[in-house]
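What follows is each chain in one-letter form.
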Amino acid sequence: MEETYHKPFEKIKKVEDTYQLNTYNKLPFSIEKGEGVYVYDSNGKKYLDLYGGHAVALTGHCHPAVVKAVKEQVDKLLFYSNVVYSSVRADASEALINAAPSGMGKVFFCNSGSEANETAMKIGRRYTGRKKIIAMKNGFHGRTIGSLSATGLGSYRKQFSPVIEDFVFVEFGNIGEFERSLTEDTGTVILEPVQSMAGVEIAGDPYYLKLREICSKRGVVLVFDEIQTGLGRTGSWFFGDRLGIAPDIITLAKGLGGGIPVGGVIINDRISETIGPGEHGSTFGGGPVAMAAVKANLEVIKEEGLVQNAREAGRYIMRELGNFKNVKNVKGKGLLLGIEIEDAAGLRDYLLGRGIITGTSSKKNVLRLLPPLILKHDEIDIFLSALKDY
Ligand code: PMP
């Protein structure tokens, strides 16, 4: 791309730093354009985006089908709430439920991952009448007070205590500790099936099967936060599909709208039948622009075989990284990968210099890859060849 933008980067940075609340550590460039797995900064520099715009660009940046659907919708109607029906909401709901595990027949749309998790925990309480929620040490579920209360990663909670009581934290992957922590008062358990921010931690298959079995036996609502793992990223539409299990509630956001902000909560039939009008809501949830994006985005995932591609591309990266002496281990599944290396931030910065965006995690030695699911072998090879020179 030859095009450059008029404001020099230093000006953009100065203005943004002056007016925006200082809550983010930012990389030193301004992204102005995206196309597939590539983004371009204000100087016209091209980057291979293996961070996927923060795991959002599931179908790539500005997928033409998503852009077209949004443009068409924008011309017709920007917004009307859930007080009326909407054909595009009907279509998006149907498309999402068609992809969902069987027995999970209802969706609630909202605006973000935190809001989706708030909704799930509210429903868990409402359904069981029990207030205690079990969450995982080192898990991440968002920044609102409720989702932060479920977030085990200490650094996010530290300055905001006390958060909501009634949360109990157990070690992810330790089924014995989970079982011992259950009491009469436990209504809900929430976890990321793969703990992403924690450094892409994944448990053995028996853990998930046992968790499902215990929750069913004890009447505890099992919530999978699939905000990062969902919609194909780990090589199946939803994490439990591969194991033949489904949680009671799945929360989604990030890649759901292909770049348009939207969250979703998928709920099993047993629970959804008990919920009635007035018990929950969200003004912008299910708005037409977001719904047009969701519908188009889900069609792209299906029609372009992106679930299979995520599985296959992830295997290729793992296999190839096995030959690298500076890589100690690769964790994760599909295209949610954690690369164990001595200094992840150092490698991230080096790769940026080579025009490749990756992510760090809460572990200093884990570099994260969360690329679009359209990633091809020749794009992976660009990354591998840069890593070889490191
Ligand atoms: N859960 C997980 C697993 C996440 O990765 C995130 C966002 N990083 C959230 C919840 C919160 O999502 P949001 O920022 O959209 O509120």
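Anything mentioned here points back to the structure above.
Note that the structure is predicted; figures quoted are calculated from it, not measured.

What counts, and where the lines are drawn
Residues numbered from 1 in each chain as written. Predicted model: local features only at pLDDT ≥ 70, side-chain atom pairs only at ≥ 80, totals over all residues. Heavy atoms only, no water. Helix = DSSP H or I, 4+ residues; strand = E, 2+ residues; numbered from the N terminus. Rg over C-alpha atoms; globule rule 2.2 N^0.38 Å. Buried < 20%, exposed > 50% of the residue type's maximum accessible area, 1.4 Å probe, protein only. Contact = heavy atoms within 4.5 Å. Areas by Shrake-Rupley, 256 points an atom, 1.4 Å probe, with all protein chains shown as cover. Lys, Arg positive; Asp, Glu negative; His and termini not counted. Charge placed at Lys NZ, Arg CZ, Asp CG, Glu CD. Pairing = 2+ DSSP bridges. Expected span 1.5 Å × (residues − 1). Patch = residues over 30% accessible without salt bridge, like charges linked within 9 Å, V, L, I, M, F, W, Y side chains within 5 Å. Salt bridge = Lys/Arg side-chain N within 4 Å of Asp/Glu carboxyl O. Axes fitted to C-alpha atoms, helices over the stretch in contact; angles between N-to-C directions. Polar contact = N/O pair within 3.5 Å; in protein donor to acceptor, adjacent residues only side chain to side chain. Phe/Tyr/Trp six-rings, centres within 6.5 Å; stacked < 30°, edge-to-face > 60°. Lys NZ or Arg CZ within 6 Å of the ring centre and 35° of its normal. Near = heavy atom within 4 Å. Nonpolar A, V, L, I, M, F, W, Y, C, P; charged D, E, K, R; others polar.

1. What to know about the overall build of the chain
When you go through the chain residue by residue, the secondary structure sums to 14 helices and 16 strands. Taking 21 Å as the expected radius of gyration for a compact globule of 390 residues, we find that the chain reaches 21 Å, a close match to that expectation. Considering only C-alpha atoms, the chain reaches an extent of 60 × 55 × 45 Å along its principal axes. Per-residue burial over the chain gives 53% buried out of 390 residues. Expressed as a percentage of contacts within the chain between residues at least 6 apart in sequence, the contacts between residues at least 24 apart total 72%. Looking at the chain as shown, the accessible area adds up to about 18,100 Å², and 52% of this sits on carbon and sulfur atoms. Side chains of the chain carry 48 positive and 46 negative charges; the gap between the two charge centres is 3 Å.

2. Re the pairing of strand β12 (residues 263-267)
Summarising burial for β12: five of the five residues are buried, a large majority. The side-chain alternation of β12 yields two buried faces, one formed by Gly 263, Val 265 and Ile 267 and the other by Gly 264 and Ile 266. In terms of strand pairing, strand β4 (residues 106-110) meets β12 through five bridges, oriented antiparallel. Each bridged residue has a counterpart across the sheet, and for Cys 110 the counterpart in β12 is Gly 263. Where strand β11 (residues 249-252) and β12 come together, four bridges link them in antiparallel fashion. Residue pairing in the sheet places Leu 252 in a bridge with Gly 264 of β12.

3. A short note on the sheet that holds strand β2 (residues 38-41)
Spatial ordering of the open sheet is given by β1-β2-β3-β15, a layout of four strands whose pairing is mixed. The open sheet terminates on both sides in strands that have one partner only, identified here as β1 (31-35) and β15 (356-357). Pairing analysis gives four bridges linking β1 to β2, with the strands arranged antiparallel. Opposite Ile 31, over in β2, you have Asp 41 as the bridge partner.

4. Topic: helix α12 (residues 306-321)
With 16 residues, α12 extends 22 Å from end C-alpha to end C-alpha; this agrees with the ideal 22 Å at 1.5 Å per step. Those residues of α12 not exposed but buried are Leu 306, Val 307, Ala 310, Ala 313, Gly 314, Tyr 316, Ile 317 and Leu 321.

5. Some thoughts on a nonpolar patch on the surface
Taken together, the side chains of Leu 77, Tyr 80, Val 83 and Val 84 make up a nonpolar region of the molecular surface, amounting to roughly 370 Å² of accessible area. Mapping Leu 77 onto the fold places it in the loop between α3 (64-76) and α4 (87-99).

6. Examining the sheet that holds strand β6 (residues 167-170)
Judged by pairing direction, the sheet is mixed, and its seven strands sit side by side in the order β4-β12-β11-β10-β7-β5-β6 without closing on themselves. Two strands close off the open sheet at either side, each with one partner strand: β4 and β6. Mean inter-strand twist for the sheet, computed between neighbouring axes without regard to direction, equals 20 degrees. Its contacts with the sheet put helix α5 (residues 113-128) on β4, β5 (132-136), β6, β7 (186-191), β10 (221-225), β11 and β12, and the angle it makes with β11 is roughly 165 degrees. Those strands touched by helix α9 (residues 205-218) are β5, β7 and β10, and its axis lies near 145 degrees from that of β10.

7. Comments concerning the side chain of Glu 177
Among the structural elements, Glu 177 can be located in helix α8 (residues 175-181). Only 3.2 Å separates the side chain of Glu 177 from the backbone nitrogen of Glu 171, close enough to count as a polar contact. With near-sequence residues (within four places) excluded, Glu 177 lies in contact with Lys 137, Phe 169, Val 170 and Glu 171.

8. A word on the packing of aromatic side chains
One pass over the full model with this rule turns up seven aromatic pairs. On the numbers, 4.5 Å between centres and 20 degrees between planes, the contact of Phe 29 with Tyr 47 is stacked. Separated by 18 residues along the polypeptide, Phe 29 in the loop between α1 (9-19) and β1 and Tyr 47 in strand β3 (residues 46-49) bring together distant segments of the chain. Tyr 47 gets classed as buried once you look at its relative accessible area, which sits at 4%. The interplanar angle of 40 degrees and the centroid separation of 4.9 Å between the aromatic rings of Tyr 350 and Tyr 390 together place this pair among those described as tilted. Of this pair, Tyr 350 sits in helix α13 (residues 344-353) while Tyr 390 sits in the segment after α14 (377-388), and the two are 40 residues apart along the sequence. Judged by relative accessible area, which is 39%, Tyr 390 ranks as partly exposed. Within the aromatic cluster, the residues linked to one another by ring pairs are Phe 172, Tyr 207, Tyr 208 and Phe 239. In this structure, Lys 46 packs its charged tip against the face of Tyr 38, placed 4.2 Å from the ring centre.

9. Details of the environment of Pro 64
Residue placement: Pro 64 occurs in helix α3. Separated by 47 residues in the primary sequence, Pro 64 and Asn 111 place their C-alpha atoms 23 Å from one another.

10. Here's the deal with the site of the ligand
Neighbouring the ligand are Ser 112, Gly 113, Ser 114, Asn 117, Phe 140, His 141, Gly 142, Glu 192, Asp 225, Ile 227, Gln 228 and Lys 254. The contact in question runs from an oxygen atom of the ligand to an N or O atom on the side chain of Ser 114, over 2.6 Å. A distance of 2.9 Å separates a nitrogen atom of the ligand from a polar side-chain atom of Lys 254. Considered on its own, the ligand offers 400 Å² of accessible surface; in the complex 81% of this is hidden by protein. With three residues, the top contributor of residues to the shell around the ligand is α5. Across the shell around the ligand, the residue classes tally to two nonpolar, seven polar and three charged.

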